[in-house]
Structures are given as C-alpha cells and as structure tokens.
Amino acid sequence: QVQLAESGGGSVQAGGSLRLSCAASTYTYSSYCMGWFRQAPGKEREGVAAIDSDGSTSYADSVKGRFTISQDNGKNTLYLQMNSLKPEDTAMYYCAAGACYFWGGSLAPPDRRNFGYWGQGTQVTVSS
C-alpha cells in the first residue's frame, strides 16, 4: 500500500504563506496522479490542486494564482505552496494519490472519488 504523510500546517495571519509537504512511502509520482484536498468542519472535502505524472497541473478556481503544486521525484515528496492566504482557506489539508483525467487538453480538477490513498491531514488556520 501507499502511505502518505503531510506536514507543514500551522496558524498564520491573512496574507501570509505556508508550504505543505507530503512524503510518500514509496516512489509514487510516476504511477499516480497526486492531489491536495481540504475539508472544513461541516463541509465536504474539496479538491484544491493536482499534478499528473507528466507534470500537468490543475487548481480549484478559489486558489488559482495563490497556490502552487509541485513534486520532487527524487525525494518522493509532494508540495503545496500557499501564498496570500485568506480566512476561507482554513481547513484540514490532505495529500492523496489516485487518478486524474484530462478535459479539453487540460488536467481536470481533482475528484476525491478517484483517489484511493490518503494522508492523515495537516491543519491550516488563517486568521483575520
């Protein structure tokens, strides 16, 4: 099985930045599409960003221009750089491995139904 472990969460003021990391137990990134999801209390888990094995990326509209997903295959680690954070970004953030699909030549936003391996989550809290 694939084991994923997130780190880097914390509390920041609005406008601040955080970088989340996701370490995989094995070489994951050539075999799976990797994604970041988030879930706030009482709300559904939503896709934030994804990166496929060919390097294609996708982002939720709410984070475009502020978040960047990347991967270091040599370290078997996935990253999410989060800039210009807003209070509405407050959530538990999860790293996941699964499958992604292309629509119209572009990578589609990640869908949690297509991801079977999940990390334990890391909390991000953004204050006003």
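For the structure itself, look to the data block above.
Predicted, not measured: the structure shown is a model, and the values here were computed from it.

Colleague: Could you clarify how one ought to interpret the overall build of the protein chain in this entry?
Modeller: Across its full length, the protein chain holds zero helices and 13 strands. For 128 residues, the compact-globule estimate of 2.2 N^0.38 gives 14 Å, and the C-alpha radius of gyration of the protein chain, at 14 Å, lies within 12% of that figure. In terms of overall dimensions, the protein chain has C-alpha extents of about 40 × 35 × 25 Å along its principal axes. By residue count, 43% of the 128 residues in the protein chain fall in the buried class. A separation of at least 24 residues holds for 62% of the contacts in the protein chain among residues at least 6 apart in sequence. As presented, the protein chain carries roughly 6,400 Å² of accessible surface, and 45% of it is formed by carbon and sulfur atoms. The average position of the 10 basic charges and that of the 10 acidic charges among the side chains of the protein chain differ by 4 Å.

Colleague: Would you take a moment to explain the nonpolar core for this structure?
Modeller: Soluble, globular proteins show a tendency: their nonpolar side chains are buried together. Within the largest apolar cluster, 28 residues are counted, with the highest numbers of intra-cluster contacts made by Trp36, Leu80, Met82 and Tyr93. Those elements that provide at least two residues to this core are β3 (18-24), β4 (33-39), β5 (46-51), β7 (67-72), β8 (77-82), β9 (91-98) and β13 (122-127). Among the nonpolar cores identified, the runner-up in size contains seven residues, and Cys33, Phe37, Ala50 and Ala96 belong to it.

Colleague: Is there a simple way to explain the pattern of salt bridges in this structure?
Modeller: One side chain can pair with another of opposite charge once the charged atoms of both are near each other. In total, this model carries five salt bridges according to the counting rule given. Salt-bridge contacts for Arg38 lead to Glu46; the nearest nitrogen and oxygen are separated by 2.9 Å. Residue Glu46 is classed as partly exposed on the basis of its relative accessible area of 38%. Across the salt bridge formed by Asp111 and Arg113, the nearest N and O atoms sit 2.6 Å from each other. Asp111 gets classed as partly exposed once you look at its relative accessible area, which sits at 24%. Exposure remark for Arg113: the relative accessible area of 69% places this residue in the exposed category. Counted as one network, the salt bridges with shared partners bring together Arg38, Glu46, Arg66 and Asp89.

Colleague: What's the story with the sheet that holds β7 in this structure? I'm lost.
Modeller: Across a sheet, paired strands are connected by hydrogen bonds in the backbone, their directions being either parallel or antiparallel. Across the sheet, four strands lie side by side as β1-β3-β8-β7; this open sheet has antiparallel pairing. The open sheet has two edge strands, β1 (4-7) and β7, and neither has a second partner. Pairwise comparison of adjacent strand axes, ignoring direction, gives a mean angle of 15° for this sheet. Direction of pairing for β1 relative to β3: antiparallel, over a ladder of four bridges. Bridged to Leu4 within β3 is Ala24.

Colleague: Would you take a moment to explain the pairing of β4 for this structure?
Modeller: Residues in a regular strand project their side chains so that they alternate between the two faces of the sheet. Most of β4 is tucked away, with six of its seven residues classed as buried. The pairing of β4 with β9 spans seven bridges and is classified as antiparallel. By the bridge assignment, Gln39 is partnered in β9 with Met92. Where β4 lies against β5, five bridges are found, and the strand directions are antiparallel. If you follow Arg38 over to β5, its bridge partner there is Glu46. Hairpin connection between β4 and β5: a loop of six residues separates the two successive antiparallel strands, and Gly42 in this loop has a positive phi of roughly 80°.

Quick notes on the rules
Residues numbered from 1 in each chain as written. Predicted model: local features only at pLDDT ≥ 70, side-chain atom pairs only at ≥ 80, totals over all residues. Heavy atoms only, no water. Helix = DSSP H or I, 4+ residues; strand = E, 2+ residues; numbered from the N terminus. Rg over C-alpha atoms; globule rule 2.2 N^0.38 Å. Buried < 20%, exposed > 50% of the residue type's maximum accessible area, 1.4 Å probe, protein only. Contact = heavy atoms within 4.5 Å. Areas by Shrake-Rupley, 256 points an atom, 1.4 Å probe, with all protein chains shown as cover. Lys, Arg positive; Asp, Glu negative; His and termini not counted. Charge placed at Lys NZ, Arg CZ, Asp CG, Glu CD. Core = buried A, V, L, I, M, F, W, Y, C linked by side-chain atoms within 4.5 Å. Salt bridge = Lys/Arg side-chain N within 4 Å of Asp/Glu carboxyl O. Pairing = 2+ DSSP bridges. Axes fitted to C-alpha atoms, helices over the stretch in contact; angles between N-to-C directions.

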